[in-house]
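Notes for the structure review
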Amino acid sequence: MTSKRFYHIGFGQDDLDSSPPTIALLSGDPERSRFIAQTHLQDVRLLSENRGLNSYVGYLPNGRPILSATSGMGAPSLSIVVNELVQVGIQQIIRIGTCGSIQPYVPVGSIVISSAALCRQGAANDIAPVEYPAAADPFLTVALAQAARKLQIEHYIGITASVDTFYEGQERTDSANPNLMRSLYGITEEYQRLNVLNYEMECGTLFKMAGVYQFAASAVCGVVAQRSVAEEIVLSQKEIAINNAIATAVHAAANFEL
Ligand SMILES: O=P(O)(O)O[C@H]1O[C@H](CO)[C@@H](O)[C@H]1O
Ligand SMILES: O=c1cc[nH]c(=O)[nH]1
């Protein structure tokens with residue numbers, strides 16, 4: 001009997017080898033998924049490019065099978081991809097993302113490892129009550145922290161704000177919307193005082209899904225904007241930030257005890 005090919009991710013269990021991966025690296029950007037597969041994995045095979053949700057299967061240098069997959073941007077897209085990845089047998093997910101720091105001591109180029117998320121995301125409310133904790137897997141999170149320490153990558157561990165919009169939800173005023181709602185003015189400063197480290201758009205829903213579906217999730221994001229200074233992405237530092245996040249995740253995935 002053949003297993004089904006999932007509608008969005010475009011592959012199924014039959015497309016994987018006899019010892020299929022249980023761990024996935026999940027990037028928002030399909031180019032990042034491709035780059036990870038091409039530069040960090042061995043014996044790589046493209047599984048699908050359906051809807052730009054590029055997925056690759058390959059092996060870490062220690063022989064561990066692994067997926068490099070794409071979530072797309074935002075929690076609704078991530079929720080679909082993660083649901084289907086779990087159905088093909090994935091049990092550990094490391095999100096490799098980009099983010100904007102909101103603490104002055106977290107510079108562009110460094111990485112943030114999320115221990116938990118302040119989840120201000122609509123998709124998550126379809127999965128669990130709003131009060132449900134959005135917590136990263138402690139073991140995967142420690143593996144990420146140990147990897148960053150080993151690789152001497154500047155890293156910060158703490159709470160991430162996961163929101164649904166890049167502009168309004170992250171209090172950007174340099175945007176097409178001339179009418180940022182009153183409720184959002186000052187939210188970044190409030191989060192700073194609450195010791196939130198960064199803004200991004202997927203972790204909170206990923207962590208809640210992990211709690212409900214019973215898989216292990218973690219996240220490492222390269223800092224590409226420093227919101228205590230400016231709203232813009234610092235393009236000159238983007239590559240280093242992403243490479244730091246990728247190196248940390250790949251090292252953790254190889255050394256994490258399954
Ligand atoms: O770089 P990725 O993984 O897409 O992550 C961040 O970048 C996108 C916004 O620019 C959002 O998806 C946000 O979470
Ligand atoms: O500022 C930023 C940078 C990347 N991704 C975000 O969601 N926000």
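Read on for an overview of the structure. (Residues numbered from 1 in each chain as written. Chains lettered and ligands numbered in written order. Predicted model: local features only at pLDDT ≥ 70, side-chain atom pairs only at ≥ 80, totals over all residues.)

1. A word on unusual backbone geometry
Short version of the rule: Put simply, DSSP marks the helices as runs of H or I at least four residues long and the strands as runs of E at least two long, and each gets a number from the N terminus on. Exposure classes come from backbone-placed C-beta atoms, where a residue is buried if 20 or more other C-beta atoms lie within 10 Å of its own, exposed if 12 or fewer do, and partly exposed in between.
Although it is not a glycine, Arg-51 adopts a positive phi angle of roughly 55°. Counting through the fold element by element, Arg-51 comes out in the loop between β2 (42-48) and β3 (55-59). Assessed through the 16 C-beta atoms surrounding it within 10 Å, Arg-51 is described here as partly exposed. One non-glycine residue, Gln-214, lies in positive phi territory at about 70°. For Gln-214, the location among the structural elements is in the loop between α5 (203-213) and β9 (216-226). Given 9 C-beta atoms within a 10 Å radius, Gln-214 is considered exposed.

2. Some words on the site of ligand 2
Threshold: We call a residue near a molecule or strand if the C-beta atom, set from the backbone, is within 6 Å of it. When residues are sorted by character, Ala, Val, Leu, Ile, Met, Phe, Trp, Tyr, Cys and Pro go into the nonpolar class, Asp, Glu, Lys and Arg into the charged class, and all the rest, Gly among them, into the polar class.
Looking at ligand 2, the residues that line it are Thr-98, Cys-99, Gly-100, Phe-166, Gln-170, Tyr-199, Glu-200, Met-201, Val-224 and Ala-225. Taken together, the elements giving at least two residues each to the shell around ligand 2 come down to β5 (92-101), β8 (196-200) and β9. Considering each element in turn, the shell around ligand 2 owes the most residues, three residues, to β5. Taken together, the residues of the shell around ligand 2 break down into six nonpolar, three polar and one charged.

3. Details of the site of ligand 1
Every residue lining ligand 1 is accounted for by Ser-27, Gly-28, Asp-29, Met-73, Gly-74, Gly-97, Thr-98, Phe-166, Glu-200, Met-201 and Glu-202. Among the residues forming the shell around ligand 1, the class breakdown is three nonpolar, five polar and three charged.

4. Comments concerning the environment of Gln-91
Worth spelling out the cut-off: Here contacts are defined at the residue level, using C-beta atoms placed from the backbone and a cut-off of 7 Å between them.
Note that Gln-91 resides in the loop between α2 (75-87) and β5. Gln-91 sits 119 residues away from Ala-210 along the chain, and the two C-alpha atoms are 9.1 Å apart. Ignoring sequence-local partners within four residues, the contact set of Gln-91 consists of Thr-22, Phe-215 and Ala-216.

5. Description of the pairing of strand β1 (residues 23-27)
Consecutive residues of a regular strand have side chains that alternate between opposite faces of the sheet. This is how it is decided: We treat two strands as partners when DSSP finds at least two bridges between them.
Of all the five residues making up β1, five are buried; the element is thus mostly covered by neighbouring parts of the structure. Here β1 shows two buried faces, one formed by Ile-23, Leu-25 and Ser-27 and the other by Ala-24 and Leu-26. Pairing of β1 with β5, which is carried by five bridges, proceeds in the parallel orientation. Considered in β5, the bridge of Leu-25 is made with Ile-94.

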